[in-house]
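Structural overview for review
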Amino acid sequence: MVAFDVPDGGAEGAVAAVRALHLGGLMVTMPHKAAVIPALDSLTPAAQALGAVNSISWVGGTLVGHNTDGEGLVRSLRHDSEVDVARRRCVVLGAGGAARSVVHALVVAGASEVVVVNRTPDKAAVAAALGGAAGRVGQVDDIVQADIVINATSVGMGAPAGASGPLPCPADSLRRGQIVVDLVYQPIVTPLLAAAAACGAQPVDGIGMLVHQAAISLERWTGELPELAVMHRAARAG
Ligand code: NAP
């Protein structure tokens, strides 16, 4: 794997280089996730719905854009925590790129309800719409009802590990029996996950999603499932 520093405005040129150099594929980060789209031959349904691509691979001689973030979360819950989101009531905190990808993937995986709670209501409405009939905008009061709470805001990023610190929702909206996922993975044990553990909820950190969204791309590029345990160890070692 090689990292290329692509300046803003250079996304289409980077995709042209994939074709010219016959590269196996690309991961795509901000600010290029939407800008690469016109240069691709097709998009997966998730990338199409989200208008954002984080991974590019070859399929039958054509370049396809994928969005693997949400799928990575659903897979990590299933493989690492034995949690199936089907028929579960989910609350997603946040409405940015990660939140939108998660809303879409939860509904595709059969979640019965996906409620978006976000600081900026207009953005919450856009994210909730990706959930179709299962998606709606909610309020803080909805959190306690959820089976699965997923923090997709950046609140908690950079906080001291496991310490008290800023929370994306009130601590008393978490409860015993809930699954509480934090997409923030720096620190790995965020203040939210510490609060979840303290009230008897099941905390799930963001490393699993990080590993699985990358593993999905590696599998598409090479045709082989990578060593997930090795990836987990490397990600946890920082
Ligand atoms: P983004 O597009 O910038 O969205 C950030 C979201 O956080 C927005 O909904 C924003 O609310 C909310 N927010 C920010 N500060 C807030 C505050 N002080 N109080 C309440 N809400 C606040 O970012 P993103 O790309 O979606 O990423 C979100 C987080 O997920 C980041 O920490 C990122 O590292 C993590 N992430 C993890 C993985 C993984 O594999 N584990 C993958 C992707 C992202 P407004 O809409 O009101 O501004």
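Scroll up to find the structure.
This section reports on the structure supplied with the text. (Residues numbered from 1 in each chain as written. Predicted model: local features only at pLDDT ≥ 70, side-chain atom pairs only at ≥ 80, totals over all residues. Heavy atoms only, no water.)

Some words on the overall build of the protein chain
When its secondary structure is counted, the protein chain shows eight helices and 10 strands. Principal axes of the C-alpha set define a box for the protein chain whose edges measure 55 × 40 × 30 Å. Looking at the protein chain residue by residue over its 238 residues, the buried ones come to 46%. Partitioning the contacts of the protein chain with sequence separation of at least 6, the portion at a separation of at least 24 is 58%. Counting every atom, the protein chain has about 11300 Å² of accessible surface; 56% of that belongs to carbon and sulfur. Taking the 16 positively charged and 20 negatively charged side chains of the protein chain as two groups, their mean positions are separated by 4 Å. (Helix = DSSP H or I, 4+ residues; strand = E, 2+ residues; numbered from the N terminus. Buried < 20%, exposed > 50% of the residue type's maximum accessible area, 1.4 Å probe, protein only. Contact = heavy atoms within 4.5 Å. Areas by Shrake-Rupley, 256 points an atom, 1.4 Å probe, with all protein chains shown as cover. Lys, Arg positive; Asp, Glu negative; His and termini not counted. Charge placed at Lys NZ, Arg CZ, Asp CG, Glu CD.)

Regarding the site of the ligand
Lining the immediate surroundings of the ligand are 20 residues, of which A95, A98, N118, R119 and T120 lie closest. At 3.2 Å, a backbone N or O of L210 approaches an oxygen atom of the ligand. Relative to its unbound accessible surface of 930 Å², the ligand loses 70% to contact with the protein. Listed by contribution, the elements that provide at least two residues to the shell around the ligand are α4 (97-108) and α7 (207-222). Among the residues forming the shell around the ligand, the class breakdown is 10 nonpolar, eight polar and two charged. (Near = heavy atom within 4 Å. Polar contact = N/O pair within 3.5 Å; in protein donor to acceptor, adjacent residues only side chain to side chain. Nonpolar A, V, L, I, M, F, W, Y, C, P; charged D, E, K, R; others polar.)

Things to note about the side chain of D205
Locating D205 in the fold gives a position in the loop between β10 (202-204) and α7. One polar contact links the side chain of D205 to the main-chain amide nitrogen of I207, over a distance of 3.0 Å. Apart from residues lying up to four places away in sequence, D205 is in contact with D182, I188, L193 and R236.

Let's talk about helix α6 (residues 191-198)
Those residues of α6 lying buried are P191, L192, L193, A195 and A196. Looking at the buried residues of α6, the elements they touch are β8 (148-151), β9 (179-182) and β10.

Section: the pattern of salt bridges
For the coordinates displayed, the defined rule picks out nine salt bridges. Taking the shortest distance from any N to any O, the salt bridge between D69 and K33 comes out at 3.9 Å. In this pair, D69 is assigned in helix α3 (residues 69-81) and K33 in the loop between β1 (25-27) and β2 (42-43), connecting sequence segments 36 residues apart. With its nearest N and O atoms 3.6 Å apart, the salt bridge here joins E71 to R220. Residue E71 is found in helix α3, and its partner R220 is found in helix α7; the two are separated by 149 residues along the sequence. (Salt bridge = Lys/Arg side-chain N within 4 Å of Asp/Glu carboxyl O.)

Topic: the nonpolar core
Counting residues in hydrophobic clusters, the biggest one holds 30 residues, and the most contacted among them are L106 and V181. Those elements that provide at least two residues to this core are α2 (45-50), α3, β5 (89-93), α4, β6 (113-117), α5 (121-129), β8 and β9. Broken down by element, this core gets its largest block of residues, five residues, from α4. If you look at the next biggest cluster of nonpolar residues, it comprises 14 residues, including L93, C169, V180 and A201. (Core = buried A, V, L, I, M, F, W, Y, C linked by side-chain atoms within 4.5 Å.)

Overview of the packing of α3 against α4
Viewed as axis vectors pointing N to C, α3 and α4 meet at an angle of 55°, and their least axial separation amounts to 7 Å. Comparing their axes, α4 and α3 come out oblique. With respect to the hand of their crossing, α3 and α4 are arranged in right-handed fashion. Packed against α3, whose contacting residues are D69, G70, E71, L73 and V74, the element α4 presents S101, V102, A105 and L106 at the interface. Looking at side-chain class alone, the contact of α3 with α4 contains five nonpolar, two polar and two charged residues. (Axes fitted to C-alpha atoms, helices over the stretch in contact; angles between N-to-C directions. Parallel < 35°, antiparallel > 145°, perpendicular 65-115°, else oblique. Left-handed = near helix turned anticlockwise from the far one by under 90°.)

A few points about the environment of V204
Here V204 shows up in strand β10. Spatially, the C-alpha atoms of V204 and V140 are 20 Å apart, while their sequence positions differ by 64 residues. Excluding residues that lie within four positions of it along the chain, V204 makes contacts with L77, S81, I179, V180, V181, D182 and L193.

Here's the deal with the environment of Q145
Looking at the element boundaries, Q145 is found in the loop between β7 (135-137) and β8. We classify Q145 as partly exposed; its relative accessible area is 47%. Between the C-alpha atoms of Q145 and S173, which are 28 residues apart in sequence, the distance is 8.6 Å.

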